[in-house]
Amino acid sequence: MTSQEAARELLREFPVVDGHNDLPWALRAQVRYDLDARDIAADQSAHLHTDIPRLRAGGVGAQYWSVYVRTDSPDPVAATLEQIDCVRQLLTRHPGDLRPALTAADMEAARGEGRIASLMGAEGGHSIANSLGTLRGLYGLGVRYMTLTHNDNVDWADSATDEPRAGGLTAFGREVVREMNRLGMLVDLSHVAATTMRDALDASSAPVIFSHSSARAVCDHPRNIPDDVLERLPANGGMAMVTFVPKFVLQAAVDWTAAADENMRAHGFHHLDTTAEAMKVHRAFEERHPRPVATVSTVADHLDHMREAAGIDHLGIGGDYDGTAFTPDGLADVSGYPNLLAELLDRGWSKADLAKLTWKNAVRVLDAAENVARGLQTTRPPSNATIESLDEPAG
């Protein structure tokens, strides 16, 4: 049996739980939720990384759908509700393939039925608008993790890619973590500053996750996880879900991106500008300096290191499909997971290791968070704290 055949055989029993997929945002951005225009029951490879045939081909058994909204959204709570509604519409349209899931038991039930367990994660604390009541509302609507920040700071937590302001978590930020623990909502530390990671680990009484982050020791990008944080995951019980985004996993891509961004600024454009004029400048740069290409092996290097630092019981996968413009060779879309498992088998990972990586760890972590919540709910009422009551006013 080839490594590829062995990988596919394993996935039939222990499919992938993927921690982060931005399909709902792509559907918003491309077709404003016109699900007939992007019917994921059919091949959408011309437009998306994700559709049901390719999820099936990739051996995906559970997906956390990101209900991300931009940090500059004028009404982030309403936009997040629209994202949640999009996921619900997808579940209604495709009941034979997608199963709503709120708990670890739901995930196992979906696996037994041969359907893809569908969970939701909110990407960025701006989605709760500094309101613990809104946090509870999102949980009530099915959101099972929240990434504390996205690319920009929130009032109570520092992001990995913004100028430090809080020094990690503020007092209100720690209260957000405690309320998430009480609810059973996973605390997601992708995108946050290392100081925020450490503060959240100190504050959390439940396992945390990194829904889509890789190892900083392998690729020095602030979105990645430092070794001292990876080494704390066994005591916490949480998990780090490796991501595939080339500029987070390949050092040459990090350096190339920095140079490309500087080139844009030198020509008077913001580095995220996608106007025709800006893209002309960007394409000219790329013609002179070809973009470095990550591979399946690049991602496997991160997993090898993360296993050394955190242990096999604390690893998972979070590809970030439809949330990135570029993907590694061999991991072009959601059908590519067998290629990663085949690479790991060739590196000596056992089938027991891979079963933990793909399925068992993610189910265990959600189950543990649920157990912590049951205990806390007997001793702690819902928090009605406000940011004004816990944090000093800015300035």
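To be clear, the structure that these remarks concern was listed above.
About the criteria used
Residues numbered from 1 in each chain as written. Predicted model: local features only at pLDDT ≥ 70, side-chain atom pairs only at ≥ 80, totals over all residues. Heavy atoms only, no water. Helix = DSSP H or I, 4+ residues; strand = E, 2+ residues; numbered from the N terminus. Contact = heavy atoms within 4.5 Å. Lys, Arg positive; Asp, Glu negative; His and termini not counted. Charge placed at Lys NZ, Arg CZ, Asp CG, Glu CD. Buried < 20%, exposed > 50% of the residue type's maximum accessible area, 1.4 Å probe, protein only. Core = buried A, V, L, I, M, F, W, Y, C linked by side-chain atoms within 4.5 Å. Salt bridge = Lys/Arg side-chain N within 4 Å of Asp/Glu carboxyl O. Phe/Tyr/Trp six-rings, centres within 6.5 Å; stacked < 30°, edge-to-face > 60°. Lys NZ or Arg CZ within 6 Å of the ring centre and 35° of its normal. Pairing = 2+ DSSP bridges. Arc of directions from axis to C-beta. Axes fitted to C-alpha atoms, helices over the stretch in contact; angles between N-to-C directions. Parallel < 35°, antiparallel > 145°, perpendicular 65-115°, else oblique. Left-handed = near helix turned anticlockwise from the far one by under 90°. Nonpolar A, V, L, I, M, F, W, Y, C, P; charged D, E, K, R; others polar. Polar contact = N/O pair within 3.5 Å; in protein donor to acceptor, adjacent residues only side chain to side chain.

*Asks:* Please set out the overall build of the chain residue by residue, giving values where relevant.
*Replies:* Helices and strands together make up the secondary structure of the chain, namely 17 helices and nine strands. When the backbone C-alpha atoms are referred to their principal axes, the chain occupies close to 55 × 55 × 45 Å. A sequence separation of at least 24 residues applies to 71% of the contacts in the chain between residues at least 6 apart. Across the chain, the 37 positively charged side chains and the 56 negatively charged ones have centroids separated by 3 Å.

*Asks:* Kindly report on helix α8 (residues 194–203), identifying the contributing residues and their values.
*Replies:* Within the sequence span of α8, burial applies to Ala194, Thr196, Met197, Ala200, Leu201 and Ala203. Contacts from the buried residues of α8 go to α7 (171–183), β6 (186–188), β7 (208–210), α9 (227–230) and α10 (233–236).

*Asks:* Outline the nonpolar core, listing residues and values.
*Replies:* Ranked by size, the top nonpolar core spans 103 residues in total, and within it Met107, Met146, Leu148, Trp156, Leu189, Phe244 and Leu340 carry the most contacts. For this core, the leading source of residues is helix α16 (residues 351–376), giving nine residues.

*Asks:* Break down the pattern of salt bridges for me, citing the residues and quoting the values.
*Replies:* One pass over the full model with this rule turns up 26 salt bridges. Arginine 28 is the salt-bridge partner of glutamate 82, the closest N and O atoms lying 2.7 Å from each other. Taken together, the positions of glutamate 82 in helix α4 (residues 76–93) and arginine 28 in helix α2 (residues 23–31) put the pair 54 residues apart, joining distant regions of the chain. Look at glutamate 82 and you get partly exposed, because its relative accessible area is 30%. On the accessibility criterion, arginine 28 (17% relative accessible area) is buried. For the salt bridge of arginine 198 with aspartate 228, the shortest nitrogen-to-oxygen distance reads 2.8 Å. Placement of the pair is arginine 198 in helix α8 and aspartate 228 in helix α9, with a sequence separation of 30 residues. Each of the salt bridges in this network shares a partner with another, and the network as a whole consists of Arg99, Asp106, Glu113 and Arg115.

*Asks:* Residues and numbers for the packing of aromatic side chains, please.
*Replies:* Two numbers describe a pair of aromatic rings. These are the distance of the centres and the angle of the planes. As enumerated under the stated definition, the model contains seven aromatic pairs in all. On the basis of an interplanar angle of 90° and a centroid distance of 6.0 Å, the ring pair of tyrosine 321 and tyrosine 337 is categorised as edge-to-face. Taken together, the residues tyrosine 321 in the loop between β9 (315–317) and α15 (337–346) and tyrosine 337 in helix α15 connect sequence positions 16 residues apart. Given a relative accessible area of 0%, tyrosine 337 falls into the buried group. Here the basic side chain of arginine 144 rests over the ring of tyrosine 139, its NZ or CZ set 3.7 Å away from the ring centre. A cation sits over an aromatic face here: arginine 307 above tryptophan 349, 4.3 Å from the ring centre.

*Asks:* I'd love a proper account of the pairing of strand β2 (residues 60–66), names of residues and values included.
*Replies:* Regular strands place their side chains on alternate faces of the sheet. Among the seven residues of β2, seven are classified as buried, and the element is accordingly described as predominantly covered. Pairing geometry for strand β1 (residues 16–21) and β2, over four bridges, is parallel. For valine 16, the partnering residue across the bridge sits in β2 and is valine 60. Pairing of β2 with strand β4 (residues 116–123) involves five bridges; the strand directions are parallel. Looking at the pairing, glutamine 63 lines up with serine 118 of β4.

*Asks:* Go over helix α1 (residues 3–13), please, and point to the residues and values.
*Replies:* Since the α-helix turns once every 3.6 residues, residues separated by three or four places project in the same direction. Looking at α1, one finds that the buried residues are Ala6, Ala7, Leu10 and Leu11. Buried residues of α1, seen end-on, are gathered within an arc of 135° and therefore sit on one face of the element. Where α1 is buried, its residues touch β1, α15 and α16.

*Asks:* So what about the packing of helix α14 (residues 296–310) against α15? Which residues, and what values?
*Replies:* The N-to-C vectors of α14 and α15 enclose an angle of 60°; their axes lie 10 Å apart at closest approach. Taken together, the axis directions place α14 and α15 in an arrangement best described as oblique. In this structure, α14 crosses over α15, and the sense of that crossing is right-handed. In contact with Val296, Ser297, Val299, Ala300 and Leu303 of α14, α15 contributes Asn339, Leu340, Glu343 and Leu344. Considering only residue class, the contact of α14 with α15 consists of six nonpolar, two polar and one charged.

*Asks:* An account of the side chain of threonine 196 is needed here, citing residue identities and associated values.
*Replies:* Tracing the backbone shows threonine 196 in helix α8. Of the residues examined, threonine 196 reaches a relative accessible area of 0% and is grouped as buried. A polar contact of 2.9 Å, which involves the side chain of threonine 196, links it to the backbone oxygen of aspartate 158. Residues contacting threonine 196, with those up to four places away along its chain left out, are Leu148, Ala157, Asp158, Gly168 and Leu169.

*Asks:* I'd like a description of the packing of helix α6 (residues 132–140) against α7, backed by residues and values.
*Replies:* Taken N-terminus to C-terminus, the directions of α6 and α7 make an angle of 30°; their axes are 11 Å apart at the nearest point. Taken as axis vectors, α6 and α7 run roughly parallel relative to one another. Crossing angle aside, the handedness with which α6 passes α7 is right-handed. Taking contact as the criterion, the partners of Leu132, Leu135, Arg136 and Tyr139 in α6 are, on α7, Phe172, Glu175, Val176, Glu179, Met180, Arg182 and Leu183. Within the contact of α6 with α7, the residues separate by chemical class into seven nonpolar, no polar and four charged.

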